[in-house]
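One letter stands for each residue in the lines below.
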Amino acid sequence: MSKIETDYLIAGAGAVGLAFADTLLSETDADIVIVDRHGLPGGHWNDAYPFVALHQPSAFYGVASMPLGSDRVDAGGLNDGFLELATGAEVSAYFQRVMRERLLASGRVRYYPLSELEPGTDGGSHRLRSLLSGQQTTVQVRRRLVDATYYGTTVPSTHRPAFPVADGAWLVTPNDLPQLWKQSNRLPSNFILLGAGKTAMDAGVYLLQSGAPPDRIQWVRPRDSWMLNRRGTQPLMAFLEEVIAGQALQMEALLSATDANGWFDQLEQGGQMLRLDHAVRPTMFHYATISTGEIALLQQITRVLRHGPVKAIEPEALVFADARVTVPKDSLFIDCTARAVTRRPPVPVYQPQRIVLQMTRIPQPAFSAALAAWLEAHGDNDPARNAMSIPVPLPDSVDDVPRATIVNLMNQGRWNQDPRLRAWIRACRLDGFSKLIASVDPADAAKMAALGRLRRAAEGLPTAAARWMR
Ligand SMILES: Cc1cc2nc3c(=O)[nH]c(=O)nc-3n(C[C@H](O)[C@H](O)[C@H](O)COP(=O)(O)OP(=O)(O)OC[C@H]3O[C@@H](n4cnc5c(N)ncnc54)[C@H](O)[C@@H]3O)c2cc1C
């Protein structure tokens, strides 16, 4: 067994582990070891379906020190007029560059791919095991173990369906769709999307754009979802007034809505929230972000099955708790039921000898990880760091969302109180909006009025917190 020493051992070379490492390198002289089971950096992006893309603009995704993409505004297509969205392949290539050109090139990072951090620890001593050779390495950690695996992301190709699949049922993952015609000599008579989240939406868009007739697509949607309108995620001056008004509305609605449904209704009227079917009240919200063009396309799929989660699939039937629905022979079931994140209870981010990375701004895991590294470098002590880092509880149902929104906004309020942190956030490319807001021309009456509205709305936050956090 070999033995090495380091300041920080980071478990997980996904977006979160890399964003943390990158900012820690910038803000300290620390030595870092990174371990990951995957053979390449980027975490779940290594396993994603080929037509995946970011939900949000590339402009504020990745690590703080290296831009992703070129801030191009797309012309045409479903993202028309909005900042580019990196494809999965581009995200993976980007993280490989981050590892090679930024982290390893610093001379202060060692990377153990295809290796696993074994559970258990003896003080600051941890064990890595190579998945290829079985070779073990003991890592003596001088400062902290950084757990960048907390959300346990799963994507269709790395998960097992939670329901039995009878022999002969034709089940694929979205990863298989582009190769389907090469892999099998069969033509599906019918396409059945299983799942209500962003993966199913992406698969639906892909099928429709690739020529699948809408009337041959069925969609099993156990729950309907609210989605964020991508217009509200554009860090561009042309959108700023609208973005600020949207943020103000989120806070105002926390005071005026009497329940979570009312809060969503107000945001829908304000153009911030979208849904696929106006006749159905969504009960779920996972921060899926989408354009109105994608919504219009997906609305062509009208054969929606709302019987709850699938309990089993058979070659010619879908089995639900309360129904059995026959489907045509040669139906293709597309499994989009992987839960992207595991909802675990929030824990303190800074613990003795350990940092457990979680989102302190939702839905921005990369920004949250970079901010955690900044606080590690500059925070006075762990109680002070933790006071600035309340993990946002990940919402699942709509009822969870006001509370998550308040934790988000209150973290932001605390960060604004610290001039050094505020300056770092303003300069950080992962933040998206602070720099843009700071650059508003005071003579621009409309934008200044929107900012005034935002400030007034923020004053109501303590009242909203007292109401929703009971
Ligand atoms: C399809 C899709 C699109 C998304 N789009 C966006 C977006 O636009 N914007 C956004 O902010 N977020 C987006 N997300 C959320 C996304 O999950 C995060 O952006 C981010 O990629 C998650 O990174 P992570 O590091 O937390 O997890 P992962 O990518 O899962 O990385 C964790 C790593 O830890 C490793 N690991 C786990 N346990 C061990 C162990 N014991 N030893 C060694 N290694 C271990 C795993 O192998 C893995 O590589 C998207 C998610 C999905 C699924």
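Analysis parameters
- Residues numbered from 1 in each chain as written.
- Predicted model: local features only at pLDDT ≥ 70, side-chain atom pairs only at ≥ 80, totals over all residues.
- Helix = DSSP H or I, 4+ residues; strand = E, 2+ residues; numbered from the N terminus.
- Rg over C-alpha atoms; globule rule 2.2 N^0.38 Å.
- Buried ≥ 20, exposed ≤ 12 C-beta atoms within 10 Å, placed from the backbone.
- Contact = placed C-beta atoms within 7 Å.
- Near = placed C-beta within 6 Å.
- Nonpolar A, V, L, I, M, F, W, Y, C, P; charged D, E, K, R; others polar.
- Pairing = 2+ DSSP bridges.
- Axes fitted to C-alpha atoms, helices over the stretch in contact; angles between N-to-C directions.
- Parallel < 35°, antiparallel > 145°, perpendicular 65-115°, else oblique.
- Left-handed = near helix turned anticlockwise from the far one by under 90°.
- Expected span 1.5 Å × (residues − 1).
- Domains from an automatic or database assignment.

A. The arrangement of the overall build of the protein in detail. Helix and strand counts for the protein stand at 14 helices and 19 strands. A compact globule built from 470 residues would reach a C-alpha radius of gyration of about 23 Å, and the protein, at 23 Å, matches this within 12%. C-alpha extents for the protein along the principal axes are approximately 65 × 65 × 45 Å. A burial count over the protein gives 42% of its 470 residues as buried. Restricting the contact set of the protein to residue pairs at least 6 apart, pairs at least 24 apart contribute 73%.

B. Geometry of the site of the ligand. G12, G14, V16, G43 and T153 are the nearest of the 31 residues found near the ligand. Elements supplying a minimum of two residues to the shell around the ligand: α1 (15-27), β4 (115-117) and α8 (365-378). Broken down by element, the residue count for the shell around the ligand peaks at three residues, all from α1. Considering only residue class, the shell around the ligand consists of 17 nonpolar, 11 polar and three charged.

C. Main features of the sheet that holds strand β8 (residues 190-194). The strand order β7-β17-β8-β9-β13 describes an open sheet built from five strands, whose pairing is parallel. Whereas interior strands pair on both sides, the edge strands pair on one side only; in this sheet they are β7 (170-172) and β13 (303-305). When strand polarity is set aside, the average angle formed by the axes of neighbouring strands in this sheet is 25°. Note: strand β9 (residues 217-220) against β13, three bridges, orientation parallel. Looking at β13, one finds that W219 is bridged to V304.

D. Focus on unusual backbone geometry. Here I362 and P363 are connected by a cis peptide whose omega angle stands at 5°. Position of P363 relative to the elements: it lies in the loop between β19 (354-356) and α8. Of note in the backbone geometry, Y287 takes a positive phi value of approximately 65° without being a glycine. In this fold, Y287 is placed in strand β12 (residues 284-290). For Y287, a count of 20 C-beta atoms within 10 Å gives the class buried. In this structure, D330 takes a positive phi of about 65° despite not being glycine. Considering the arrangement of structural elements, one finds D330 in the loop between β16 (324-326) and β17 (331-335). Judged by the 13 C-beta atoms lying within 10 Å of it, D330 falls in the partly exposed class.

E. Structural view of the pairing of β9. Here β9 shows no split at all, with I217 and W219 on one side and Q218 and V220 on the other all buried. Here β8 runs beside β9; their pairing, made up of four bridges, is parallel. Across the sheet, residue L193 finds its bridge partner in β9, namely W219.

F. Examining the packing of helix α5 (residues 237-256) against helix α10 (residues 401-417) more closely. For the pair α5 and α10, interaxial distance at closest approach is 11 Å and the crossing angle is 125°. Between α5 and α10, the crossing angle belongs to the class labelled oblique. Between α5 and α10 lies a crossing of left-handed hand. Within the contact between the two elements, α5 uses Q250, M251 and L254 and α10 uses P402, T405, I406 and L409. Here the residues of the contact of α5 with α10 sort into five nonpolar, two polar and no charged.

G. Representation of helix α4 (residues 198-209) in the model. For α4, which comprises 12 residues, the first-to-last C-alpha distance of 16 Å matches the rise-based estimate of 16 Å (1.5 Å per residue) to within 8%. Residues of α4 that are buried include every one of T199, A200, M201, D202, A203, G204, V205 and L207, and no others. As for α4, its buried residues are in contact with β8, β9, β12, α7 (292-298) and β17. Phi turns positive one or two residues past the end of α4, at G211, with a value near 105°.

H. Main features of the sheet that holds strand β15 (residues 317-320). Strands sit in the order β14-β15-β16 across an open sheet of three strands; the sheet is antiparallel. Two strands lie at the open edges of the sheet, namely β14 (310-314) and β16, each paired on one side alone. Strand-to-strand twist in this sheet, taken as the mean axis angle between neighbours without regard to direction, amounts to 15°. Both β15 and β16 contribute to a ladder of three bridges, which runs antiparallel. Residue pairing in the sheet places L318 in a bridge with V325 of β16.

I. Structural detail: the domain arrangement of the protein. For the protein, the assigned domains read domain 1 (2-153 + 341-402), domain 2 (156-224 + 275-335) and domain 3 (234-274 + 440-470). Using only C-alpha atoms to locate each centre, domain 2 and domain 3 end up separated by 35 Å.

J. Structural detail: the environment of S58. Positionally, S58 belongs in the loop between β2 (32-35) and α2 (88-103). Overall, S58 belongs to the buried group, with 22 C-beta atoms counted inside 10 Å. Residues S58 and L68, spaced 10 residues apart in sequence, show a C-alpha to C-alpha distance of 5.7 Å. With residues up to four places along the chain from it excluded, the contact list for S58 reads L68, G69, L83, E84, L85 and A86.

K. Fine view of the packing of α5 against helix α14 (residues 461-468). One way to put it is that α5 packs onto α14 with a least axis distance of 9 Å and a crossing angle of 50°. Regarding the angle of α5 to α14, the classification is oblique. Every pair of crossing elements has a handedness; the one defined by α5 and α14 is left-handed. Facing M251, L254 and L255 of α5, the residues of α14 in contact are L461, T463, A464 and W468. In the contact of α5 with α14, the residues fall into six nonpolar, one polar and no charged.

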